[in-house]
Each structure stands twice: as structure tokens, then as C-alpha cells.
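Report on the structure
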Protein chains: 2
Amino acid sequence: MKTPPVWKGFCQTPDHSALGRDRSTTGFGLAGGNFPPIPPALSVSFSVLSTDSVSSARSGRLVLPHGTVETPIFMPVGTQGSVKTLHPAEIEELGAQIILGNTYHLWLRPGHELIREMGGLHGFTTWQKPFLTDSGGFQVWSLAKLRKITEEGVKFQNHLDGSKMLLTPELSMEIQAALGSDIAMLFDECPPYPCDEVYAAKSLALTTRWARRCKDWVSANEPRSGGGRQLHFGIVQGSIYADLREQSARELVELGFDGYAIGGVSVGEPEHEMFRAIENAVPFLPLDKPRYAMGLGTPPQILEMIARGVDMFDCVMPTRVARHGVAFTLDGPLHIKNLIHARDPRPICESAHPHVAGFSRAYLRHLFRAGEILALRLLSFHNLHFYLRLAAGARESITAGNFPEYKDSFIRRYTRSENT
Amino acid sequence: MKTPPVWKGFCQTPDHSALGRDRSTTGFGLAGGNFPPIPPALSVSFSVLSTDSVSSARSGRLVLPHGTVETPIFMPVGTQGSVKTLHPAEIEELGAQIILGNTYHLWLRPGHELIREMGGLHGFTTWQKPFLTDSGGFQVWSLAKLRKITEEGVKFQNHLDGSKMLLTPELSMEIQAALGSDIAMLFDECPPYPCDEVYAAKSLALTTRWARRCKDWVSANEPRSGGGRQLHFGIVQGSIYADLREQSARELVELGFDGYAIGGVSVGEPEHEMFRAIENAVPFLPLDKPRYAMGLGTPPQILEMIARGVDMFDCVMPTRVARHGVAFTLDGPLHIKNLIHARDPRPICESAHPHVAGFSRAYLRHLFRAGEILALRLLSFHNLHFYLRLAAGARESITAGNFPEYKDSFIRRYTRSENT
């Protein structure tokens, strides 16, 4: 039946659409249909653009199939194909250049074959800039039950319906190929903390053997992302043992990957061990490949890692604590639910993003107490803005030659006062 | 301490802010500070612009202190000072001209004195277009416990902490004056359904006496909204009894208010009784005052009410059912969680708003199953867009002289097929 003329314009786009105005460039909408796909980058590459004269900090440019990433960079986490509470257009607006998807979650639900059918993660979620996917190993470790690690892979019961499943290096690569991420992570074993040296050494040896199997699968299958080649990053393990970190880094570099992550950090170890894990790995990683510290960290930790030569970060913290009422500010975390904010007309932060700056602390506190979802959105947006500005500030200061001053003055102020 | 220069730009506004670009006109940010207040309308008025030759439908213009409202209009509900899941800039972008706040909720939390301190509802929420507030009576009836109705007012225990409270006509007016809404509703008793005629008559008499007390309070206190005079709407009661509806309308009109609502509808009565309640009241209401049917309804019901001469509507349905996975479409409600949508690459609606049109049904279903808040946002946004377009279509067709065709063809298609 033809639509009667009286409905003309019924569901039409109003002219003043704001969120929508970037669609021509972001290419929103596999399903919507009418937008040209982003032309893929012809080749992937990483270049170091500036280096700090005092620390190991550097700025760089990573060209990926779905776009260019300026480093150091923070990657918002979109576990289940959505950065929690936010619209992809908002993530873009925040200046995010790459987001992370979790292989374990997406494999379980809705399933990688369905996502492949929908055009991969880019088509499925409408996010048209780069995606990085993890290997699923960390979530098997942290979420699944009755794990059993064998040479073949990890047997476990998933956390959704308790089904018995097996994740192997090859399957992890296959799932990530179906997801079509720009960067796929190798399947590794992430040992717990504390972990004795014998276990850490055995685990590391397994991680290296799995890395070889991942590489073999990739060589045989040549996975793509958009119109380009999917990149693969190895993961340095070795727990708190310097010689094992060195060994892991050397073995992975010998196999040869597009980038290198430091894994097994932020698993409960003290902060100085976390920094040592980075320090013990970085010297053995090639200067001309990106380095990624997985799952980190607080704003000061991120600056400390950048000073130690790390280029890429991801962390659920900004969005997770936002949903519990914590906002990041230059003066440290602010707990918006506290009574002290009840009648405070000031914005959350002296120069917050305009989407958030208009709202008083009093209103934000009210939204949290009333259980309004807008509260979760506003603080998630604010915290990602904070993290992305933190990374952008690091980039700018490395280029300008004053990164140590940026880092030290940020940390001094951030840790000086106790925000409420 | 002065902000060190290295932080310049740390939290600064990116140039590509989209949601923020309307701030100069919406005046976002009491707290943010830097935006000029909207100049208040000099006087409030209502004009009928066109009338349908077949039905009682009419289009009109209601000038309020915070802006002009074109009728027929649907008013999104912002119960606790937030239209659930949405940002005020999105509500504006959807073309909403006026939103509703609930006096009962806001009185209990955060309290009307706090809101007054923050610049009223407009300052507190940052929504700069008109607000209508209800009287609180309906929520006392539907949410509170141990209600006792006396001549003085209603004693009850609130639903948050069980405190004993008393709401009177004068207090309802005082709270609404503190909230600074453009339109305040009179405090009425909303009898339940079914309700015998004796009770309905007594209740109605009480509602009229309360209306007089409200009017006295208003005359004595002259409440303001922004730079203008707050409007006050009476509420016609009388349950399903034609003579009582007539009596109620005549008594209120004699007292004289800025507009008239039909209350006591959508309280469990059959649909034909709801239409009769409107039909029994409208003939006794002045042609030159706006008419408002409270808490209604489905899309076909709204068109039927417009045909019966109603100008204004509010309903939680679009946002409430959205949070349960129901999207309104021209072919009726669509239940996005159903399995049939699992691999459906089509958008939810043939011509949805661009914020939503890019997403496949498969992705939306996934977001719901995964418990992602983005799902609630997208369907809330979509459903409000649908309702606001429904009202806009009615306005346009009344002006164009083809409202009956618009109504009938919409309802025919909407009710023909069973969407899934």
C-alpha cells in the first residue's frame, strides 16, 4: 500500500538536527543506508612524531583501515557494542579516535556470525572510526566459571547461561576477524596476582606458543577490516618478574606483530609493580611500533605510563565510576551524590564540556538521587571528555616540549586536595 | 592558586560540539552562567488560528512567558525534572515546545524551595521553553499511601519515606509558584473509576471549592513565571456523568481560568467513556481558551481527542513503553525484543529521526538484550519524535483543511496490521 500523501513528512527529519549533522562524515547507518562508506586507508602504519627529551613519552600517528589515531590516545570501552549510556555521535563529538569492543561479550551475545552478517562491528554499531577488540582471554579469566586451561585453549562455563565453551587462539582470531576490528589482540593467558615465578614462567611459555598459533591463523586467513588489513598486537606477560617480562617481549618481537601490549597489569598488584611491569617490558619493544597498556588506569597513572613510553590506553573506569556518581575533575574525583552538593549552583568542573557545563551540581545530584538515566549519561560523557582531554593534553605537550611540566602540574593538583 | 598555563584547553570546549550549538538560543546553563536569559513574552494569550470544517479540531497559538506553543501539541513528561533518558537539548531538537513537570515528585525531592533557589524549574533543569506543572493531586491519588481527603486538603504518607504530609489547594499553588512553571494546574480531586454518581457529585463540588481557593491564592500572590504571569488551568471533573461534566465546566468557567483541562480520564474507564468525558465537557468550555486532556493517550486516541476539540496532551506512554522495548510506528507498536528482529538490518521505522534511523533492528534488539542504556535512549527519542510529529501533522492538516483524512488514514494504517 502506498503511503497516503497526508503522511508526507510524518516521520521526517527536522532541519535543526544537531547530533545528526555529522552523519555525512561519520557514515552512520548501514541500516539507514544512504551514506557513503569511508574510503579505507590504503596501508596501515605507525610513525613516531615527537619524543620527550626527559621521559620516554612520545607522540605518534597510527594509520588504521578506518582512520588515523593520534597517540598517546585513550580508547573508550564499548564492551557490548555500545560505550555505556552514549550515542556513537557523542563518542565522535568527544574526539574519540578509536573504541574498544570485547570479544568475549560479543561472541556470546549477539554472536560473531550475526555481527559479521551486519557488516562487522562497524556496520552493526554504526561507529565508523577504528575499533580495537581484545582477545576474550581476560574476560574468560574474570567473568566465566570453572575455567580449565589446556594447551588447546580455555574451557569454561560462560556467565550468561552457564554453557560449556572452549576458546582457543584460532577461535579468538576467527571471532575478531568476523568482528572486523582494525586491531585484534592475540589470545593470551593472563596470570593472576600474586603469582609465583614458576607459574608465571609456564604461563608465559603458553602465551608465546598461543601467539605463534594466532600468527599462523592470521597468515593463513589474512583477516580484513573494512578495505584494509587487520592489525594484530601481541601481549607481553610475565607478571612482576623482570626477566620474564623481558623474555616475553623478546619472544613476541621475534614473532613480529603490528604493536605490543603490556598485559597482566591492573590485576590487583600495587601501583609500583604496575609501573615496573611497564618499565620491564618497554625497553625490549621496537621504537617504531605502538605500545598499549591494557585496562589502565587513573588519570595520574595514565600520565605516568605515557612518561614510560606507552601510546595507547583503555579503561572502563571513566564510564563505570560515572554510573556511581563520580566525576573526574582537575582537583581529583568528585562524588556528586554527597550532601555538600545539594544546593551548589556551580557546574561539575570549572570548564566542563558544554553538554554538561550548563547543569548545576545541585541538579546532577538530584538526578542521581531520583534514579534518572540522564545522570549516568552526563557523568559518563563528562568523564570520557576528561580522559580524552587528558590524552590530548599529553599529545600537545609532548609536541610543545613541555610534557614533564604538564604531567607534574596535573598530578600535583589532582592529588593535592580531597574533592567531595 | 592560578591555573598553570599547561592546562590551558584541558577541559575546553571542542569546536565540533553539536549538542551545544543551540545553547545561545536555549540559554542552557544557569550554573554555567554565560548565557543571556530569554526575554519574557510581554503578555500571555491564546488564539485559534484554524478550525476544521468537519470535526471540532482546531489549531492555535498559546503565548507563554517562556515561549510560544503551537497547538495541538504533545507535551513530553519530565516527572522529576528530566524527560527520562534524554538531554534537554534533545527535547528541544525533537521540536518539543513545552514539557510537563510533576509537582508531587519535585515537592518531595529535591523540594520546591531548593528549586526556587536554583531559579525555578527553568534554572534547575536548564530547559528554557515553557513548563506546565500538574497540581500533585493525581500523584497523591496514584502513588501515596493512606490518603485521607478532607475539606482542607489531602493527608497522605508519601511513597519515598512514608512521611505524613498534607497537600492543600493553597500549598499546591505555592509549590507551583516556586517551580515557576508557565502553566500551573489547579488542585483537584480525581475520583476513581468506577465511581457512583453521588460520590462523583460530592467530589466535583469539592473540586470547585478547591478551585475557588486556588484562585484566591493566585489573586493574592500573583505568581510569576520568568518575566511573565503564570497561567492557571482549571480541571473539569465529573467522572462518566454528562450532567456533572457540564456542571463542572460551567462552574470553572464562571470562576474564570486561562485554560481548562479534562481530568479523571485514563483512570481505567473504557475508551468510549473517555471520549464521552471529553464530548460532555468541551461544549461548555470557551472557544478562546486552550483545552487539555490530561494523561492521554495512544496515537489514535490523541487524534480522536483533537477531533473533539482538545488542544494539549501529555502522556508518559511514549517514554515508558520505550524503556520496555516498544517503538511506535505508522504500522502500530513494534516490539523490538522479539526474536523476529534478531537479524533484521532495517531501521525501526521507514523514516525515523536520523539519530535513530542509522541503527538496525538487529542492533537495537541486541542493546535491549544486553541491558544497554543506549537502547532506552534511542527508543525514548524515537517515540517522542513519533508523538511530536503526530501532533505536528495534525496542526499541518488542520491548517491545510484535510485533518479528517489525516486522522482516518493514520488510524486505518496504525490499527490494520499487527506489528511485532
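All figures in this text were calculated on a predicted structure; none of them were measured in a lab.

1. Let's talk about the overall build of chain A
A tally of regular secondary structure across chain A gives 16 helices and 18 strands. In chain A, which comprises 420 residues, the share counted as buried stands at 63%. Within chain A, contacts between residues separated by at least 24 positions form 67% of all contacts whose residues are at least 6 apart in sequence. Roughly 15100 Å² of accessible area belongs to chain A as shown, and the carbon and sulfur atoms make up 52% of that amount.

2. Quick look at the confidence of the model for chain A
Residue and element names in this part refer to chain A. For chain A, the mean per-residue pLDDT works out to 90, and 89% of the residues sit at or above 70. Considering only residues more than four positions removed or in separate chains, one finds that residues 1–42, a stretch of pLDDT under 50, has 98 contacts. The ipTM, which scores confidence in the relative placement of chains, is 0.91 for this predicted complex, and the corresponding pTM is 0.91.

3. Quick notes on the packing of helix α15 (residues 373–400) of chain A against helix α16 (residues 403–416) of chain A
Residues and elements named next belong to chain A. Viewed as axis vectors pointing N to C, α15 and α16 meet at an angle of 145°, and their least axial separation amounts to 7 Å. Residues Phe386, Arg389, Leu390, Gly393, Ala394, Ser397 and Ile398 of α15 form the contact with α16, whose participating residues are Phe403, Tyr406, Phe410 and Tyr414. Split into classes, the residues belonging to the contact of α15 with α16 amount to 8 nonpolar, 2 polar and 1 charged.

4. Digging into the sheet that holds strand β8 (residues 154–157) of chain B
Hydrogen bonds along the backbone pair up the strands of a sheet, which may run parallel or antiparallel. Residue and element names in this part refer to chain B. Taken in spatial order, the 3 strands make up an open sheet running β7-β8-β9, and their pairing is antiparallel. Two strands lie at the open edges of the sheet, namely β7 (145–149) and β9 (164–167), each paired on one side alone. Within this sheet the neighbouring strands show an average axis-to-axis angle of 20°, counted without direction. Bridging between β7 and β8 involves 3 bridges; their strand directions are antiparallel. Bridge assignment links lysine 145 to a residue of β8, and that residue is glutamine 157.

5. A few points about the packing of aromatic side chains
All told, the structure shown has 24 aromatic pairs over all chains when counted by the stated rule. Between the aromatic rings of Phe328(A) and Tyr387(A), the centroid separation amounts to 5.2 Å while the plane-to-plane angle is 75°, which identifies the pairing as edge-to-face. Here Phe328(A) is found in strand β17 (residues 326–329), whereas its partner Tyr387(A) is found in helix α15, with 59 residues between them in sequence. Across the pair, exposure class does not vary: Phe328(A) and Tyr387(A) are buried alike. An angle of 75° between the planes, with centres 6.5 Å apart, marks the rings of Phe257(B) and Tyr260(B) as edge-to-face. Its relative accessible area of 2% is what places Tyr260(B) among the buried residues. Among the aromatic residues, those joined into a ring-pair cluster are Phe74(A), Phe328(A), Phe386(A), Tyr387(A), Phe410(A) and Tyr414(A).

6. A word on the environment of His382(B)
Inspection of the secondary structure puts His382(B) in helix α15 (residues 373–400). Along the sequence, His382(B) and Gly238(B) sit 144 residues apart, while their C-alpha atoms lie 35 Å from each other.

7. Overview of the nonpolar core
Ile348(A) and Ile348(B) are the most contacted members of the largest nonpolar core, which has 198 residues in total. If near-sequence neighbours (up to four positions away) are discounted, Ile348(B) is found in contact with Ala327(B), Thr329(B), Leu334(B), Ile336(B), Val356(B), Phe359(B), Arg361(B), Leu364(B), Leu379(B) and His382(B).

8. As for helix α10 (residues 271–281) of chain A
For α10(A), the full list of buried residues reads Glu273(A), Met274(A), Phe275(A), Ala277(A), Ile278(A), Asn280(A) and Ala281(A). Buried-residue contacts for α10(A) involve β13 (231–236), α9 (242–255), β14 (259–262), β15 (291–293) and α11 (299–307) of chain A.

9. A short note on the side chain of Asp311(B)
All names here are of chain B. For aspartate 311, the location among the structural elements is in the loop between α11 (299–307) and β16 (312–314). Since its relative accessible area comes to 0%, aspartate 311 is described here as buried. Here arginine 291 takes part through its backbone nitrogen, which lies 2.8 Å from a polar atom of the side chain of aspartate 311.

10. A short note on the pattern of salt bridges
A side chain with one charge may pair with a side chain of the opposite charge, provided their charged atoms come close. Residue and element names in this part refer to chain A. For the structure shown, the criterion picks out 45 salt bridges over all chains. A salt bridge links glutamate 90 to arginine 377; its shortest N-O distance comes to 3.0 Å. Here glutamate 90 is found in helix α2 (residues 88–93), whereas its partner arginine 377 is found in helix α15, with 287 residues between them in sequence. In terms of burial, glutamate 90 and arginine 377 fall into one category: buried. A salt bridge links arginine 346 to aspartate 344; the nearest nitrogen and oxygen atoms lie 2.8 Å apart. The exposure class assigned to aspartate 344 is buried, which follows from its relative accessible area of 11%. What you see here is one network of salt bridges that share partners, running through Glu279, Glu304, Arg308, Lys407 and Asp408.

11. Let's talk about the domain arrangement of chain A
All names here are of chain A. Along its sequence, chain A is organised into domain 1 (45–315) and domain 2 (316–420). Computed over C-alpha atoms only, the centres of domain 1 and domain 2 are separated by 27 Å. Each side of the interface is counted separately: domain 1 has 35 residues, and domain 2 has 31 residues. Among the residues domain 1 hides against domain 2, the three largest losses belong to Leu94, Pro299 and Leu303. Together they make up 24% of the total.

12. Brief notes about the sheet that holds strand β1 (residues 45–51) of chain B
Residues and elements named next belong to chain B. Read from one edge of the open sheet, 3 strands run β1-β2-β3, paired in antiparallel fashion. The open sheet has two edge strands, β1 and β3 (67–71), and neither has a second partner. Pairwise comparison of adjacent strand axes, ignoring direction, gives a mean angle of 15° for this sheet. Pairing of strand β2 (residues 58–64) with β3, which is carried by 5 bridges, proceeds in the antiparallel orientation. Bridge pairing in β3 places glycine 60 opposite threonine 71. Sitting on the sheet, α15 touches β1, β2 and β3, and the angle it makes with β2 is about 120°.

13. Points about α16(A)
Residue and element names in this part refer to chain A. Between the first and last C-alpha of α16 there are 20 Å, a value that for 14 residues agrees with the 20 Å anticipated at 1.5 Å per step. The set of residues buried in α16 consists of Phe403, Tyr406, Lys407, Ser409, Phe410, Ile411, Arg413 and Tyr414. Turning to α16, the residues buried within the fold contact α11, β17, β18 (332–335) and α15.

14. Considering the packing of α11(B) against α15(B)
Residue and element names in this part refer to chain B. Between α11 and α15, the shortest axis-to-axis distance is 11 Å and the interhelical angle comes to 30°. Classed by the angle they form, the pair α11 and α15 counts as roughly parallel. Seen from above, α11 lies across α15 with right-handed handedness. Residues Pro299, Ile302, Leu303 and Ile306 of α11 form the contact with α15, whose participating residues are Phe386, Tyr387, Leu390, Ala394 and Ile398. Looking at side-chain class alone, the contact of α11 with α15 contains 9 nonpolar, no polar and no charged residues.

15. Here we look at the pairing of strand β17 (residues 326–329) of chain B
The side chains of a regular strand alternate between the sheet's two faces. Residues and elements named next belong to chain B. Here β17 shows two buried faces, one formed by Val326 and Phe328 and the other by Ala327 and Thr329. As paired elements, β17 and strand β18 (residues 332–335) share 4 bridges and run antiparallel to each other. In the strand pairing of β18, alanine 327 is matched with leucine 334. Hairpin connection, β17 to β18: the antiparallel pair is bridged by 2 residues.

16. Thoughts on the pairing of β8(B)
Residues and elements named next belong to chain B. The alternating pattern of β8 places Val154 and Phe156 on a buried face, while none of Lys155 and Gln157, on the opposite face, is buried. Taken together, β7 and the strand that follows it, β8, pair antiparallel across an intervening segment of 4 residues. Across 4 bridges, the pairing between β8 and β9 is antiparallel. When the bridges of β9 are listed, lysine 155 appears paired with leucine 166. Hairpin connection of β8 to β9: 6 residues between the antiparallel strands, including glycine 162 at a positive phi of 75°.

Reading the values: the criteria
- For every chain, the first residue of its written sequence is number 1, and the numbers climb from 1 along that sequence.
- Lettering of chains starts at A and numbering of ligands starts at 1, both following the order in which they are written.
- In view of the model being predicted, local features appear only for residues whose pLDDT reaches at least 70, and side-chain atom pairs are presented and counted only at 80 or more, with totals across whole chains, interfaces and linings using the full set of residues.
- Note that the side-chain values use all heavy atoms of the structure and ignore hydrogens as well as water.
- Put simply, DSSP marks the helices as runs of H or I at least four residues long and the strands as runs of E at least two long, and each gets a number from the N terminus on.
- Think of it in three bands: residues with accessible area under 20% of the maximum for their type are buried, residues over 50% are exposed, and the middle band is partly exposed, with areas taken using a 1.4 Å probe on protein chains only.
- Whether two residues are in contact is decided by their heavy atoms: any pair within 4.5 Å suffices.
- Only the protein chains shown count as cover for residues, and the accessible areas themselves come from Shrake-Rupley with a 1.4 Å probe.
- By definition, pLDDT measures how confident the predictor is in each residue, and it falls between 0 and 100.
- To get an axis, fit a line to the C-alpha atoms, keeping to the stretch in contact for a helix; angles then go from 0 to 180 degrees between the N-to-C directions.
- Polar here means any residue other than Ala, Val, Leu, Ile, Met, Phe, Trp, Tyr, Cys and Pro, which are nonpolar, and Asp, Glu, Lys and Arg, which are charged; Gly is therefore polar.
- Pairing between strands is defined by DSSP: at least two bridges between them are needed.
- When two rings of Phe, Tyr or Trp (its six-membered ring) have centres within 6.5 Å they constitute a pair, described as stacked for plane angles under 30 degrees, edge-to-face for angles over 60, and tilted for the intermediate range.
- Nonpolar cores were defined as sets of buried Ala, Val, Leu, Ile, Met, Phe, Trp, Tyr and Cys residues, with membership established by side-chain atoms within 4.5 Å.
- Here a polar contact means two N or O atoms within 3.5 Å. Within protein one must be a hydrogen donor candidate and the other an acceptor candidate, and residues neighboring in sequence count only if both atoms are side-chain atoms.
- Just to be clear on terms, a salt bridge is a Lys or Arg side-chain nitrogen sitting within 4 Å of an Asp or Glu carboxyl oxygen.
- Where each domain begins and ends is defined by an automated method or by a domain database.
- When two parts are put together, the accessible area they lose, computed with a 1.4 Å probe and summed over both, is reported as buried area.
- How far a helix is expected to stretch is found by multiplying one less than its residue total by 1.5 Å.
- Any angle between 65 and 115 degrees counts as roughly perpendicular, while under 35 counts as roughly parallel, over 145 as roughly antiparallel, and the rest as oblique.
- By the definition used in this description, the sense in which the near helix is turned from the far one sets the handedness, with an anticlockwise turn below a right angle giving left-handed and a clockwise turn giving right-handed.

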